[in-house]
2 protein chains.
Amino acid sequence: MADTNLYHVAVVGATGAVGQKIIETLEDRDFPIEKLTLLSSSRSAGAKVSYKGEELTVEEATPDSFEGIDLALFSAGGSVSKQLAPEAVKRGAVVVDNTSAYRMDEEVPLVVPEVNESDIRSHKGIIANPNCSTIQMVAALQPLREAYGLSRVLVSTYQAVSGAGNEAVDELREQSKQMLEGNNEVEASVLPVKGDEKHFPIAFNALPQIDKFEDNGYTFEEMKMINETKKIMHMAELPVSATCVRLPFFTSHAESVYIEVEQDGLTVEDLHGQLNDAPGITLMDDPASQTYPTPLDAEGKRDVFVGRVRKDPDHDRGFHLWVVSDNLLKGAAWNTVQIAESLVQHQWLQIEQ
Amino acid sequence: MADTNLYHVAVVGATGAVGQKIIETLEDRDFPIEKLTLLSSSRSAGAKVSYKGEELTVEEATPDSFEGIDLALFSAGGSVSKQLAPEAVKRGAVVVDNTSAYRMDEEVPLVVPEVNESDIRSHKGIIANPNCSTIQMVAALQPLREAYGLSRVLVSTYQAVSGAGNEAVDELREQSKQMLEGNNEVEASVLPVKGDEKHFPIAFNALPQIDKFEDNGYTFEEMKMINETKKIMHMAELPVSATCVRLPFFTSHAESVYIEVEQDGLTVEDLHGQLNDAPGITLMDDPASQTYPTPLDAEGKRDVFVGRVRKDPDHDRGFHLWVVSDNLLKGAAWNTVQIAESLVQHQWLQIEQ
């Protein structure tokens, strides 16, 4: 790294599924940390979390917690970010926010480093981390868009329960056990959406609802994929549509993505070439040897895995991709830490507002 | 029924997952049976199966088993159908075949009664039952096509393990138990495809391979959806493409279907109206009350369930549908018995070849 300074870093939501992965990733990447402050709601304050062999105590997050913090990584829900991110910025911290609170704010860059890293430099104190299902898709689309142009995206997702937090993970585990013991009348209280009115079993099932419904019949998750893709790729006019489905596996989202490119006459081999050379992408695509990525393959890995690249039989510019990535890493913690690394590396932490 | 005759019916593959459902459905529908003969491979011969309170003994299927049979319902794998269906026809039986053996044979009608019932009358002794994932999709598309025309279909499937037979069901159950006990190195020997070289865990995973790969990078399952849809709908030029994925649930396939219709300016309410009136379709679509079908909802039911009807935000003639049905009933046994009922009702059993 160009910058050899050490930083005072805060993780907000340190006891959550993503917060834990952020702390692990900071350690793993040997991020230049002088001091690590772990913050949470009052409910989780007092918990112990280990970082580089040291036991750190999680403290309750308050506005004053951000005094002296250089970089604050937020992953404690939208309402916490709305309340505390401006307080952190006021006290001189740069915030990377992993909630939906600021993603569509025109003043806030929404960043997947493989796609639009340079947007970070225009930050006014807050940089937003996109939704998990959006991140892996745009990472896979970017090399194809750069080489061939992109004129349409239709996606159907296959999303893991960990995207809905630790309670959803527990619910899948508990329901699965009960159903395997022959009890089909399992209780559901978390999925599809914790705060929504009805709950349905996820074990041995598929729920075509992620997040609440908007008035247009799409879910917020689907609209996130639509709107965030256009913002990240700077393609306000790109036609994008999405169907998002929660499925009974723990980790990694998979996506069946249909794209139309602008260039005619391309082959699967052409697309393979671009994906092979792209940063953050691992191509796993050889039908003859049954090589393709699955959610279990991607678990614990930082890359976005792409397979099943096929040309549409009826559309010369149409291609199908199967895109898989660990929703807690590239979909959340790793993308957050990548943005943090970029801030440090380019000395964009020190931007005067 | 117009015809009050009783028939000598044979079920070939009587001990398999679909064969069992065919026998249950015949009983449930009070099909006009004079005598029911249950046939299987020599391996399963001798097994007892109950029908209307009687214990019937399964016999080994041989060419001579079909002497005196009026109607033979085959569901014992493609090679059995290839060998024995012509023998049955030679002996005067009409065959409804639930395998892929004859589906694309130009002489053989491929039928979903809600779509192309009248094709049955042109049979030359064999009528083919389409692939499970195709049946439910075309049943949902037909009322929309009749009302508005249809110019494009793109589908991503979410398919249950029972489509791969009882061994796959056992594999999902066994792997799930082991993984819940903390063993992540589970053995896989059935899925994705019994006869293929590699096997991967299905429990808490998603496998983007159903059936073997063709040289074009699509799986046979995907090509079945593409080719059978065109044949059943008599739309050889309809652009259809598919991505087929096996998922960790036991029963019912779900499908994220994108269509383009020919008529401009339609609303979701227009499509609801057509689907509400369509035979064999249950519309379950009210986002405000979180109403949409899931695989568990459809299990044990004969209808095709449709929900999540949405207009594409960027395409006036583009719509999304979420289509769910019990893959062993409408996807197999029920569609087979529907064809049998149609043969009887229209006296198409007696067609002279």
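The rules behind the values
Residues numbered from 1 in each chain as written. Chains lettered and ligands numbered in written order. Predicted model: local features only at pLDDT ≥ 70, side-chain atom pairs only at ≥ 80, totals over all residues. Heavy atoms only, no water. UniProt positions renumbered as here; feature names shortened; annotations may be inferred. Helix = DSSP H or I, 4+ residues; strand = E, 2+ residues; numbered from the N terminus. Contact = heavy atoms within 4.5 Å. Buried < 20%, exposed > 50% of the residue type's maximum accessible area, 1.4 Å probe, protein only. Polar contact = N/O pair within 3.5 Å; in protein donor to acceptor, adjacent residues only side chain to side chain. Expected span 1.5 Å × (residues − 1). Bend = angle between axes of the 7 residues up to and from the residue. Least-squares fit on C-alpha atoms with pLDDT ≥ 70 in both.

As for the UniProt feature "binding site: NADP(+)" (unreviewed entry) in chain A
All names here are of chain A. Cross-referencing UniProt, the feature "binding site: NADP(+)" (unreviewed entry) maps to Thr-15, Gly-16, Ala-17, Val-18, Arg-43, Ser-44, Ser-162, Gly-163 and Asn-327 in the present numbering. Maximum C-alpha separation among the annotated residues is 25.5 Å over a sequence range of 313 residues, too wide for a single clustered spot. Turning to its location among the elements, Gly-163 is positioned in the loop between β9 (150–158) and α5 (166–180). Beyond its immediate stretch of four places on either side in the chain, Gly-163 contacts Arg-246 and Asn-327. In this structure, Asn-327 sits in the loop between β14 (318–325) and α9 (329–345). Judged by its relative accessible area of 2%, Asn-327 is buried. Excluding its chain neighbours within four sequence positions, the residues that come into contact with Asn-327 are Cys-132, Ala-160, Ser-162, Gly-163, Thr-251, Ser-252, His-253 and Ala-332. A distance of 2.8 Å separates a polar atom in the side chain of Asn-327 from the backbone nitrogen of Ser-252.

Quick word on helix α2 (residues 78–90) of chain B
Residues and elements named next belong to chain B. The end-to-end C-alpha separation of α2 is 18 Å, in line with the 18 Å expected for 13 residues at 1.5 Å each. At Leu-84, α2 is bent by approximately 35 degrees, the largest bend along its length, and proline Pro-86 sits one to four residues beyond. All buried positions along α2 are accounted for by Ser-81, Leu-84, Ala-85, Glu-87 and Ala-88. For α2, the elements touching its buried residues are β6 (71–74), β7 (94–97) and β8 (126–128).

Some remarks on the environment of Leu-150 of chain A
Residues and elements named next belong to chain A. With respect to the helices, strands and loops of the structure, Leu-150 is situated in strand β9. When its relative accessible area of 3% is taken as the criterion, Leu-150 is described as buried. Remark: the alpha-carbon pair of Leu-150 and Glu-262, spanning 112 residues in sequence, is separated by 5.6 Å. If we ignore the near neighbours within four places in the chain, the residues touching Leu-150 are Leu-141, Arg-145, Met-233, Met-235, Leu-238, Ile-259, Glu-260, Val-261 and Glu-262.

Details of the relation of the copies chain B and chain A
In this arrangement, two copies of a chain are superimposed by a rotation about an axis accompanied by a shift along the axis. Superposing chain B onto chain A takes a rotation of 180 degrees combined with a translation of 0.0 Å along the rotation axis, leaving an RMSD of 0.0 Å. On this basis, the relationship between the two copies can be described by a two-fold rotation axis. The share of interface residues of chain B whose copies in chain A are also at the interface is 97%, consistent with both copies meeting through the same surface.

Some remarks on helix α6 (residues 220–232) of chain A
Look at α6 of chain A: 17 Å from first C-alpha to last across 13 residues, which is about the 18 Å you get at 1.5 Å a residue. Burial analysis of α6 of chain A places ten of its 13 residues in the buried class, which makes it a mostly covered element. Here α6 of chain A has its buried residues at Glu-221, Glu-222, Met-223, Lys-224, Met-225, Ile-226, Glu-228, Thr-229, Lys-230 and Ile-232 of chain A. On its buried face, α6 of chain A sits against α3 (113–116), α4 (132–148), β9, β10 (240–243) and β11 (253–261) of chain A together with β13 (304–311) of chain B. Backbone geometry just after α6 of chain A places His-234 of chain A at a positive phi near 55 degrees.

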